[in-house]
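Notes for the structure review
Residues per chain are reported as follows:
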Amino acid sequence: MNSVSPTAVQYGSPEASRRTLGHKNPSSRNDQTKMGSEGASRDGEADEVDKIKSKLLTAWNNVKYGWTVKMKTHFSSTMPLYLLGELYNFRFDDDIERFQKDFVSRIWMTYRKDFPALEGTLLTTDCGWGCMIRSGQMLLAQGLLVHLLSRDWFWPNALYTHLVDMEPIRSSSPSNTLNYPVPSSTKYPQERSRSVWHTLPHQRIVQYPHQEQIHRDILRWLSDHPASPFGLHHMVSLGGSMGKKAGDWYGPSIVAHIMRKALDRASQVPELSVYVSQDCTVYRGDVEQLLGEDPPSDGSVVGRAVIVLVPVRLGGEAFNPVYKHCVKEFLRMQSCLGIIGGKPKHSLYFIGYQGMYRFSV
């Protein structure tokens, strides 16, 4: 995990705020004059020490948690790529552009520091222990985006990053068709993810005012502040009932139950809830009960929605390849919100794959 989140609100450290406010000295004017030079000297030395400590801590966090080797991303132009159920064909320049806009529109959460201290502690950072909570926040954020804005929504103001460096063979058009084989088990046809862009090639993305407000609300709900319903502070607080505290490493199963509790207690999205399966089994009756009504015969659900989470171990020290086909099928589904997993200090949020390779954030 990296050390800075581009979507979370930045907060100053409590120590810095206290230094800015300062304290009045009740001593007399003469005492103040006498002690002025000494006090100023001590304050200056203290500030200098604090600055050095801050620089050393920042450097340490960057080396320990944010040290990465930047490598050029390589994608094949001959194999299909799936991103959270959307299919992309890199033989077409429209698909390259569409994939990049889709990818950078996902909400990214990662290690941060200098947020308000977690309740009952002096911790103002989650570096080294909060990575699985961050992965869970990203999965939850995707669920909120799909539920409130739809899967087809892109953020027009996202920081554009050139992710794909290749020469497309041709531009997509209504007459061009995909030649990628789709397994019979895939519920959604290939043409579904390309219909709008086929009819409106190079169409500029337009975001309506209410969509912008919803997007801002989601970011605010995830910010590192005690009042945020899906923020780190509330997640850690909910983990206390499961024997977890700030500074502990949280496994994916624990985070799944924390997300369920967070949505149950949140008034912001009353029509959305989380179901966590037991022993890898999803009971249809339990899901229908969360929906509050029997689903219509055509399979559509209006109003309420349920995020279904299935905690399952896919290997010991490494990923067991026997699960590869199942994971790929899952990431092809339009209803897919991704997969969270990993090990202490190394959590990942898997959102897609191309060929034999999965990619994550």
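A brief structural summary. Only a predicted model underlies this, so the values are computations on that prediction, with no experimental measurement involved.

**Description of the nonpolar core**
Residues Ile 107, Ile 133, Leu 140, Leu 144, Phe 230, Met 235 and Ile 307 are the most contacted members of the largest nonpolar core, which totals 58 residues. For this core, the leading source of residues is helix H4 (residues 131-149), giving nine residues. For Ile 133, the residues in contact, after removing those within four places along its chain, are Leu 232, Met 235, Val 236, Tyr 250 and Val 255.

**Some remarks on the pairing of strand E3 (residues 272-276)**
Judged by how many residues are buried, E3 sits mostly within the fold: five of five residues are covered. Here E3 shows two buried faces, one formed by Leu 272, Val 274 and Val 276 and the other by Ser 273 and Tyr 275. Two strands pair when backbone bridges link them, and E3 and strand E4 (residues 305-309) are joined in this way by five bridges, in the parallel orientation. Across the sheet, residue Val 274 finds its bridge partner in E4, namely Ile 307.

**A word on the packing of aromatic side chains**
Any pair of aromatic rings gets described here by the distance separating the centres and the angle formed by the planes. Counting across every chain of the model gives eight aromatic pairs. Taking 6.1 Å as the distance between ring centres and 35° as the angle between the ring planes, the aromatic pair formed by Phe 99 and Phe 103 counts as tilted. Of this pair, Phe 99 and Phe 103 both sit in helix H3 (residues 93-104), four residues apart, roughly one helical turn. Relative accessible area serves as the criterion here: at 1%, Phe 99 is assigned to the buried category. The structure contains a cluster of three or more aromatic residues connected by ring pairs, namely Phe 75, Tyr 88, Phe 90, Phe 99 and Phe 103.

**Some words on unusual backbone geometry**
You will see that Asp 114, though not glycine, has its phi angle at about 65°, which is positive. Relative to the elements of secondary structure, Asp 114 occurs in the loop between H3 and H4. Looking at Asp 114, the relative accessible area reads 26%, which means it is partly exposed.

**Here's the deal with the side chain of Ser 105**
Mapped onto the fold, Ser 105 is located in the loop between H3 and H4. The buried category is assigned to Ser 105, whose relative accessible area is 2%. In terms of polar contacts, Ser 105 uses its side chain to reach the backbone amide nitrogen of Trp 155, at 2.9 Å. Not counting residues within four places of it along the chain, the set of residues in contact with Ser 105 comprises Leu 145, Trp 153, Phe 154 and Trp 155.

**Things to note about the pattern of salt bridges**
Per the counting criterion, the structure on display carries 15 salt bridges. Between Arg 151 and Asp 102 there is a salt bridge, with its nearest N and O atoms 2.9 Å apart. Note that Arg 151 is positioned in the loop between H4 and helix H5 (195-199) and Asp 102 in helix H3, a separation of 49 residues in sequence. Each member of the pair, Arg 151 as well as Asp 102, is classed as buried.

**Points about the packing of helix H7 (residues 232-239) against helix H8 (residues 252-265)**
Where H7 meets H8, the closest approach of the two axes is 9 Å, and the angle between their N-to-C directions is 110°. When the axes of H7 and H8 are compared, the pair comes out roughly perpendicular. The crossing of H7 and H8 is right-handed. Taking contact as the criterion, the partners of Met 235, Leu 238 and Gly 239 in H7 are, on H8, Ile 258, Met 259, Lys 261, Ala 262 and Arg 265. Classifying every residue of the contact of H7 with H8 gives five nonpolar, one polar and two charged.

**Describing H8**
Residues lying three or four places apart along an α-helix face the same way, a consequence of the helix completing one turn every 3.6 residues. The end-to-end C-alpha distance of H8, which contains 14 residues, comes to 20 Å, matching closely the 20 Å that a straight helix rising 1.5 Å per residue would cover. Inspection of H8 places Val 255, Ala 256, His 257, Ile 258, Met 259, Lys 261, Ala 262 and Leu 263 among the buried residues, and these make up the whole buried set. Contacts made by the buried residues of H8 are with H4, H7, E3, E4 and strand E5 (339-343).

**Some details on H7**
Within H7, six of the eight residues are buried, which leaves the element mostly enclosed by the surrounding structure. Residues of H7 that are buried include every one of Leu 232, His 233, Met 235, Val 236, Leu 238 and Gly 239, and no others. Against H4 and H8 lie the buried residues of H7.

Thresholds applied
Residues numbered from 1 in each chain as written. Predicted model: local features only at pLDDT ≥ 70, side-chain atom pairs only at ≥ 80, totals over all residues. Heavy atoms only, no water. Core = buried A, V, L, I, M, F, W, Y, C linked by side-chain atoms within 4.5 Å. Buried < 20%, exposed > 50% of the residue type's maximum accessible area, 1.4 Å probe, protein only. Helix = DSSP H or I, 4+ residues; strand = E, 2+ residues; numbered from the N terminus. Contact = heavy atoms within 4.5 Å. Pairing = 2+ DSSP bridges. Phe/Tyr/Trp six-rings, centres within 6.5 Å; stacked < 30°, edge-to-face > 60°. Polar contact = N/O pair within 3.5 Å; in protein donor to acceptor, adjacent residues only side chain to side chain. Salt bridge = Lys/Arg side-chain N within 4 Å of Asp/Glu carboxyl O. Axes fitted to C-alpha atoms, helices over the stretch in contact; angles between N-to-C directions. Parallel < 35°, antiparallel > 145°, perpendicular 65-115°, else oblique. Left-handed = near helix turned anticlockwise from the far one by under 90°. Nonpolar A, V, L, I, M, F, W, Y, C, P; charged D, E, K, R; others polar. Expected span 1.5 Å × (residues − 1).

No statement about biological role is implied by the geometric values presented.
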